[in-house]
Structures are given as structure tokens and as C-alpha cells.
Amino acid sequence: MKRTIVKVNADSFNDFCMKLRSMFVYDVTIKSAMTRHRFYDNITGDVVAEYNERKDYGIVYNYNSHVAV
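About the criteria used
Residues numbered from 1 in each chain as written. Predicted model: local features only at pLDDT ≥ 70, side-chain atom pairs only at ≥ 80, totals over all residues. Heavy atoms only, no water. Helix = DSSP H or I, 4+ residues; strand = E, 2+ residues; numbered from the N terminus. Contact = heavy atoms within 4.5 Å. Pairing = 2+ DSSP bridges. Axes fitted to C-alpha atoms, helices over the stretch in contact; angles between N-to-C directions. Salt bridge = Lys/Arg side-chain N within 4 Å of Asp/Glu carboxyl O. Buried < 20%, exposed > 50% of the residue type's maximum accessible area, 1.4 Å probe, protein only. Phe/Tyr/Trp six-rings, centres within 6.5 Å; stacked < 30°, edge-to-face > 60°. Lys NZ or Arg CZ within 6 Å of the ring centre and 35° of its normal.

A. Inspection of the environment of Ala49 at higher detail. Position of Ala49 among the secondary structure elements: in strand E4 (residues 47-52). In sequence terms Ala49 and Tyr61 are 12 residues apart; their C-alpha atoms lie 5.7 Å from each other. Apart from residues lying up to four places away in sequence, Ala49 is in contact with Phe16, Leu20, His37, Arg38, Phe39, Ile59, Val60 and Tyr61.

See the structure below:
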């Protein structure tokens with residue numbers, strides 16, 4: 001499977017979460033370690049997105065495979 005990576009500019013963790021919601025990325029579990037946050041899909045357990053507070057962007061993986069419900 002081809003892996004698609006989308007870089008999303010964000011000013012803060014909350015801003016990144018709101019942008020994920022607008023991209024129809026729902027039902028995730030967030031695991032945090034200091035300033036790094038990973039978003040895992042509840043069904044498959046795969047990493048859906050990552051956000052590092054030291055950077056001004058987050059990364060969304062396999063965006064074209066997400067389905068809006």
C-alpha cells in the first residue's frame with residue numbers, strides 16, 4: 001500500500017486537533033510523551049497522525065484512505 005503523508009501547519013496542539021477534525025480524522029487514541037503526540041486509530045491501531053509541539057506543523061499519514069462518516 002502506498003503511504004501518503006500530508007504536512008499540516010498548526011500553531012498549537014489544539015489547533016492541530018481542530019484541523020484533524022476538519023479532515024474527518026475521528027476515533028483516535030492520543031498517546032503523549034512530553035511535547036510529542038501520536039494519534040492512533042481505534043480500530044486498526046495504526047498511527048494516523050503525529051504532532052510535535054517544538055515544530056509548527058503536524059503530519060497526517062494515509063490521508064486518502066480516511067473515510068468521512
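B. Just the sheet that holds strand E5 (residues 57-61), in detail. Overall, antiparallel pairing links the 5 strands, which are arranged E1-E5-E4-E3-E2 in an open sheet. One side of each edge strand has no neighbouring strand; the edge strands of this open sheet are strand E1 (5-9) and strand E2 (28-33). Ignoring strand direction, the axes of neighbouring strands in this sheet form an average angle of 20°. Strand direction decides the pairing type here: E2 and strand E3 (residues 36-41), joined by 6 bridges, are antiparallel. Each residue of the ladder has a partner; that of Lys31, found in E3, is Arg38.

C. Structural view of the pattern of salt bridges. This structure, assessed with the given rule, holds 2 salt bridges. The residue Lys19 makes a salt bridge to Asp15 at a minimum N-O spacing of 3.6 Å. Separated by 4 residues within a single helix, Lys19 and Asp15 lie in helix H1 (residues 13-22), roughly one turn from each other. Overall, the relative accessible area of 22% leaves Asp15 in the partly exposed class.

D. Spatial organisation of the packing of aromatic side chains. Tallied over the entire structure, the rule returns 5 aromatic pairs. On the numbers, 5.1 Å between centres and 20° between planes, the contact of Phe16 with Tyr51 is stacked. Separated by 35 residues along the polypeptide, Phe16 in helix H1 and Tyr51 in strand E4 bring together distant segments of the chain. For the pair Phe16 and Tyr51, a shared accessibility class is recorded, and that class is buried. Measuring from ring centre to ring centre gives 6.4 Å for Phe24 and Tyr26, while their planes differ by 70°; the resulting arrangement is edge-to-face. In this arrangement the basic side chain of Lys7 is found over the ring face of Tyr57, its NZ or CZ atom lying 4.3 Å from the centre. Its end group placed over the ring of Tyr40, Lys31 keeps NZ or CZ at 5.0 Å from the ring centre.

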